[in-house]
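Descriptive structure summary
Chain residues, written in single-letter form:
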Amino acid sequence: MIIESHAHYSHKRFDGAFRYLTGELTAREGQREDLLDRLRESGVVLSIEPAIDFESNRRTAALYRQHPDFIRLAVGVHPTRTHQAPWRQRRQLEVWAREPGVAAIGETGLDYHLPRKHRLTQLLWFRYQLGLARRLELPLVLHIRMADRDALAMLRRRRRHLPGGVVHCFQGDWDTARAYLDLGFCLGIGGALLRRESEALRDAVARAPLDRLLVETDSPYVLPDVPWTGSKKSLSRVRNSSLLLPRIVEEIAWLKHLPPETAEAAILENTRRVFHLSGTENGG
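Quick caveat, the model's predicted, so the values are computed rather than measured.

1. A few points about the packing of helix 5 (residues 148-157) against helix 6 (residues 174-182)
Close contact between helix 5 and helix 6 brings their axes to 10 Å; oriented N to C, the two are set at 20 degrees. Regarding the angle of helix 5 to helix 6, the classification is roughly parallel. Like other packed secondary-structure pairs, helix 5 and helix 6 cross with a definite hand, here left-handed. When helix 5 is examined against helix 6, the residues D148, A151, L152, L155 and R156 are found in contact with a partner set consisting of T176, A179 and Y180. For the contact of helix 5 with helix 6, a count of residues per class yields five nonpolar, one polar and two charged.

2. Regarding helix 1 (residues 32-42)
Burial in helix 1 covers these residues: R32, L35, L36 and L39. Down the axis, helix 1 shows its buried residues gathered within 100 degrees of arc, on one side only. Tucked inside the fold, the buried residues of helix 1 contact strand 2 (18-21), strand 4 (44-50) and helix 2 (54-66). One or two positions beyond helix 1, positive phi appears at G43, with a value near 105 degrees.

3. What about the environment of G109?
Within the fold, G109 resides in strand 6 (residues 102-111). Dropping the residues within four chain positions of it, G109 is found in contact with P79, Q122, F126, H143 and I144.

About the cut-offs
Residues numbered from 1 in each chain as written. Predicted model: local features only at pLDDT ≥ 70, side-chain atom pairs only at ≥ 80, totals over all residues. Heavy atoms only, no water. Axes fitted to C-alpha atoms, helices over the stretch in contact; angles between N-to-C directions. Helix = DSSP H or I, 4+ residues; strand = E, 2+ residues; numbered from the N terminus. Parallel < 35°, antiparallel > 145°, perpendicular 65-115°, else oblique. Left-handed = near helix turned anticlockwise from the far one by under 90°. Contact = heavy atoms within 4.5 Å. Nonpolar A, V, L, I, M, F, W, Y, C, P; charged D, E, K, R; others polar. Buried < 20%, exposed > 50% of the residue type's maximum accessible area, 1.4 Å probe, protein only. Arc of directions from axis to C-beta.

Okay, here's the thing in structure tokens:
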């Protein structure tokens with residue numbers, strides 16, 4: 001059994017018909033309900049669905065109401081959406097975060113690939129969501145891109161009050177990994193681990209404690225390197241899916257010199273622990 005720690009199945013890219021990546025690294029045609037059914041059949045027992053803006057908080061909640069057995073929510077505003085989010089309505093996040101099905105706050109953090117003028121807004125929203133997670137005792141889903149120094153500084157100032165959580169889509173080196181691990185966070189490992197240029201990440205995963213690793217796909221994003229006979233344009237239309245998770249688990253197991261079933265069981269328990277999930281909620 002595997003829990004997807006970060007996917008966006010409420011995203012509009014999963015509306016209507018689409019092509020999605022399978023565990024065999026081929027593309028298959030389907031719709032959202034078809035894909036969710038296939039995930040269940042493949043052994044994915046639960047998926048954490050983080051929001052990125054106010055509208056997606058509504059979409060994720062609607063998906064949870066349709067699939068309360070399979071979806072858990074993270075309520076938040078993504079750093080790249082903070083300059084569009086109405087600051088005066090920030091308390092609406094707390095209203096949503098108290099609703100059924102919510103397992104975390106996020107995704108939240110800092111993303112410095114945007115113009116510098118947006119950084120103050122990102123910092124304000126990050127600070128607010130850190131406080132919200134503390135008040136509600138919910139773990140954090142962190143999105144940190146090109147901003148580890150500032151993010152770590154904010155987190156260290158709150159070290160005694162951090163509720164834990166996961167650094168989503170972690171792609172850094174061992175020194176960066178160790179800094180987040182020292183603050184009590186787990187690392188969300190996804191399809192980037194399967195890319196050819198991932199040596200620093202592979203080293204970090206090999207050295208990180210197994211009990212601090214989660215797996216994710218960030219579907220529909222973060223496709224791994226795949227052998228593709230079609231054009232790059234046709235590949236860009238393919239949605240990533242949680243069917244990739246067993247391959248990520250196998251790669252972690254290989255790096256740890258462990259049987260895949262041992263790594264899978266440990267990662268399942270890690271995910272339950274981080275998001276405060278009981279065994280009865282996810283097939284246990």
